[in-house]
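Here is what each chain is made of, one letter per residue.
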Amino acid sequence: MASTEIARQAGEGARAVPLAGHVGFDSMPDQLVNKSVNHGFCFNILCVGETGLGKSTLMDTLFNTKFEGEPTQHNQPGVTLKSNTYELQESNVRLKLTVVNTVGFGDQINKEDSYKSIVEFIDAQFEAYLQEELKIKRTLHSYHDTRIHACLYFIAPTGHSLKSLDLVTMKKLDSKVNIIPIVAKSDAISKSELAKFKIKITSELVSNGVQIYQFPTDDESVAEINSTMNSHLPFAVVGSTEEVKIGNKMVKARQYPWGTVQVENENHCDFVKLREMLIRVNMEDLREQTHTRHYELYRRCKLEEMGFKDTDPDSKPFSLQETYEAKRNEFMGELQKKEEEMRQMFVQRVKEKEAELKEAEKELHEKFDRLKKLHQDEKKKLEEKKKSLDDELNTFKQKKMAAELLLTQAQQAGGSTTLKRDKERKNFF
Amino acid sequence: IGNPVVGCGGSTLLGYIGIDTIIEQMRKKTMKTGFEFNIMVVGHSGLGKSTLVNTLFKSQVSRKSAGWARDEKIPKTVEIKSVSHVIEEGGVKMKLTVVDTPGFGDQINNDNCWEPISKYINEQFEKFLKEEVNITRKKRIPDTRVHCCIYFISPTGHTLRQLDMEFMKRLSHSVNIIPVIAKADTMTIEERQEFKQRVRKELEMSGIEFYPQKEFDDDMEDKSDNDKIRETMPFAVVGSDKEYQVNNKRVLGRKTAWGIVEVENPNHCEFAQLRDFLIRSHLQDLKEVTHNIHYETYRAKRLNDNGGLHPISTNGTHDSNL
């Protein structure tokens, strides 16, 4: 049994003791796997290579499916990265597969900055994870990991040597991502040329110090196959989603007038090897390397860049902790300032509104007063008129009464008045 | 093996790819690295804590067997003593650490006797946090955090004691507590059922949640499985490291004048249920709840408290400090 980390730790004060019967913790790996299956897996592949090298076709072939998307034009002004996420399922395994393509790579006249957008993209995924990891309230458990687990570098099948663009790009990427170089459209090269090409590529990579991904050889069960495969790198692949009838089977192939290149025939190309290595044997290791090596390196560099240090164990000032505090105090200060500003503004607005309301109130009062006065004036006029009318009425009444009185008096002294008048009349005559 | 299934995103699978091999890859990886598990036992002395742990893991893993004399004096304050062993089964290696808490509940005045325990639990969180915050981190941070705390309830048959309630109330938010009724062979089956019901009711009324906590059920299936377990808890257990012959079989048991109490006989006590629950089905979940919930709670509090300022908001978006 290969010595495990736990066994090593056994030396650190933990004795090994025998079990007197079946306990049942041998189901631990199953428990863990079940949880992972329930949770789902994610795998992110980055395809780097010039336009027209068959990147999309290869992805389609690898995953036995037709991913969306049309072939890109050759006139992109710069390199952009386009990523697509797909949910695949096989038996009870759910895989969230993200395929990132470099659009426009190698199309420009000046390719000096081509690698930059790729590096930025990879870093951005690391950064996103780092940010999540540094949050106070974080949900790493359900975080959708977008970090690139494998980078397939497509080499054009020139048969000569690596282009300088390839060398430069791979050199920039080798410390950030697991690079698996492949010779694309390898049906363009003859077998003997291919062998020479592979040797040339490998030696150029070595002499330029490019670290490509090595399939792990520490686990006995896969050590043999992995080390064999390591010697076949870079894989010479052919991709095709079209099927051709060979014998009595339908196989994925490319049909030429002089023969048919079968994708899954190991004599024709290394497609099967690539699939075996990438998916069926080392997918988990690719994920682990990304997390424990590339991500840790990014994290360390980023934090050191920001001025953190792991000082000696004694005076562990918990520097990250202190910066949390400092940053947080700063943030709180900002927040308080903003709050204060908002409050001031609010108070101001309230004051203004109050003044407005007061104005309106004053106006209303004035209007009211005016109207009241008008009303009073009117009332007064009316009263006066009424009074004068009353007076008239009174006068009239008085006159009427006087007249009636005179009339009754006259009627009493009735005839006397008339007599008197008659006498006066007689006297007159 | 491969069922062609339509995936989302407009892709249709037309044959076997080999994605499901990741299960095997993952299993191999975990077998290689091995596991750690840390279990704490709390209860006053004489309740059979060490015996139970030894019975659970079918080996001498608790402190009592590591050269500790049975008539050692009960300490005046609660002490925390941990001992680690490596056990292997079916190719799976596990580093098991048993944390004992002698002195708990044994004094006349047991005020705050949970504090050393709480302090120990938080210290393990702190250790892990310090490692996690390093610039250069270890490939695998050693995990000493307490994944599970078995709390031993005295088989009085009446109700929970105040100390039981206090302890569980205070610690249920920083560690997974699994309450068990110790020395259950002093109660009849009916007495046990009644006692259990009363205990569950008391805990529910005080808002104390033992493991498995309702709020962490993943999905409906989980919930229904866990509901069944919650209805049976606290498990009434009997522990023993002695074997006797019963019906031509060697069984673990306790011999009394009136018969042999078989530990692994589900008609006699619920030990087997506890073992299956703790080890065979929920071992990984105990670790995950500890890591994803209890540890995260500690970490968030720790990173916030240091300024004495209150957390800004309950969602995470404003809390990033870098």
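These figures come from a predicted structure and were not determined experimentally.

Engineer: Give me unusual backbone geometry: which residues, what numbers.
Structural biologist: The omega torsion across L233(A) and P234(A) is -10°, close enough to zero to call that bond cis. As for its placement among the helices and strands, P234(A) is situated in the loop between α7 (220-230) and β7 (235-236). Looking along the chain, the bond that leaves Y211(B) and enters P212(B) is cis, with omega of 0°.

Engineer: Explain the packing of aromatic side chains to me, and be specific about the residues and the numbers.
Structural biologist: All names here are of chain B. Counted by the stated rule, this structure contains 16 aromatic pairs over all chains. Aromatic side chains Y151 and F167 sit 4.9 Å apart centroid to centroid with 20° between the ring planes, which places their arrangement in the stacked category. On the criterion of sequence distance, the pair formed by Y151 in strand β4 (residues 148-153) and F167 in helix α4 (residues 162-171) is long-range, its members being 16 residues apart. We note that Y151, like F167, is buried. An angle of 35° between the planes, with centres 5.8 Å apart, marks the rings of Y211 and F277 as tilted. In this pair, Y211 is assigned in the loop between α5 (189-205) and α6 (220-232) and F277 in helix α7 (residues 271-281), connecting sequence segments 66 residues apart.

Engineer: I'd like a rundown of the environment of F210(B), residues and numbers included.
Structural biologist: Residues and elements named next belong to chain B. The residue F210 is located in the loop between α5 and α6 in this model. Using a relative accessible area of 11% as the deciding quantity, one classes F210 as buried. A sequence separation of 42 residues divides F210 from M168, and the C-alpha atoms of the two residues are 8.0 Å apart. In contact with F210, other than residues within four places in its own chain, are I177, P179, L203, R230 and M233.

Engineer: Describe the environment of T188(B), naming the residues involved and giving the relevant values.
Structural biologist: Of note, T188(B) is situated in the loop between β5 (177-181) and α5. Put simply, T188(B) and G18(B) are 170 residues apart on the chain and 55 Å apart in space, counted from C-alpha to C-alpha.

Engineer: Lay out the nonpolar core with the relevant residues and their values.
Structural biologist: Among the nonpolar cores identified, the biggest contains 87 residues, and F63(A), I180(A), F235(A), L274(A) and L278(A) are the most heavily contacted of them. Within the second largest apolar cluster, 82 residues are counted, among which are M28(A), I141(B), M168(B) and C269(B).

Engineer: A description of a negative patch on the surface should follow, citing residues and the corresponding values.
Structural biologist: Residues and elements named next belong to chain A. Together, E359, E363, E366 and D369 make up a region of like negative charge exposed at the surface. Mapped onto the elements of the fold, E366 is located in helix α10 (residues 319-412). Owing to a relative accessible area of 42%, E366 belongs among the partly exposed residues under this scheme.

Engineer: So, the state of the cysteines: which residues are in play, and what are the values?
Structural biologist: Residues and elements named next belong to chain B. Applying the stated criterion to the full structure yields 0 disulfides over all chains. Between C113, a free cysteine, and C149, which holds the nearest cysteine sulfur, the sulfur-to-sulfur gap is 12 Å. In this structure C148 is a free cysteine whose sulfur lies 7.0 Å from that of C149, the closest cysteine sulfur available.

Engineer: Break down helix α3 (residues 55-62) of chain A for me, with residues and values.
Structural biologist: Residues and elements named next belong to chain A. Of all 8 residues making up α3, 6 are buried, and the element is well covered by its neighbours. Taken as a whole, α3 has its buried residues at K55, L58, M59, D60, T61 and L62. Just downstream of α3, N64 is the residue with a positive phi angle, here 50°.

Engineer: Outline the pairing of strand β4 (residues 93-103) of chain A, listing residues and values.
Structural biologist: All names here are of chain A. Among the 11 residues in β4, 9 count as buried, and that is most of the element. Here strand β2 (residues 41-48) runs beside β4; their pairing, made up of 7 bridges, is parallel. Bridge pairing in β4 links C47 to N101. Pairing geometry for strand β3 (residues 80-90) and β4, over 11 bridges, is antiparallel. Considered in β4, the bridge of E87 is made with K96. Connecting the antiparallel pair β3 and β4 is a turn made up of 2 residues, with S91 showing a positive phi of about 45°.

Engineer: Describe the pattern of salt bridges, with residues and values.
Structural biologist: Per the counting criterion, the structure on display carries 47 salt bridges over all chains. Here K302(A) makes a salt bridge to E127(A), at a shortest N to O gap of 2.8 Å. Note that K302(A) is positioned in helix α9 (residues 283-305) and E127(A) in helix α4 (residues 114-134), a separation of 175 residues in sequence. Notably, a salt bridge pairs R302(B) with E126(B), separated by 2.7 Å at the nearest N-O pair. Placement of the pair is R302(B) in helix α8 (residues 283-305) and E126(B) in helix α3 (residues 115-133), with a sequence separation of 176 residues. Classification of E126(B) as buried rests on a relative accessible area of 14%.

Cut-offs and rules
- Residues numbered from 1 in each chain as written.
- Chains lettered and ligands numbered in written order.
- Predicted model: local features only at pLDDT ≥ 70, side-chain atom pairs only at ≥ 80, totals over all residues.
- Heavy atoms only, no water.
- Helix = DSSP H or I, 4+ residues; strand = E, 2+ residues; numbered from the N terminus.
- Phe/Tyr/Trp six-rings, centres within 6.5 Å; stacked < 30°, edge-to-face > 60°.
- Buried < 20%, exposed > 50% of the residue type's maximum accessible area, 1.4 Å probe, protein only.
- Contact = heavy atoms within 4.5 Å.
- Core = buried A, V, L, I, M, F, W, Y, C linked by side-chain atoms within 4.5 Å.
- Patch = residues over 30% accessible without salt bridge, like charges linked within 9 Å, V, L, I, M, F, W, Y side chains within 5 Å.
- Areas by Shrake-Rupley, 256 points an atom, 1.4 Å probe, with all protein chains shown as cover.
- Salt bridge = Lys/Arg side-chain N within 4 Å of Asp/Glu carboxyl O.
- Lys, Arg positive; Asp, Glu negative; His and termini not counted.
- Charge placed at Lys NZ, Arg CZ, Asp CG, Glu CD.
- Disulfide = S-S within 2.5 Å.
- Pairing = 2+ DSSP bridges.

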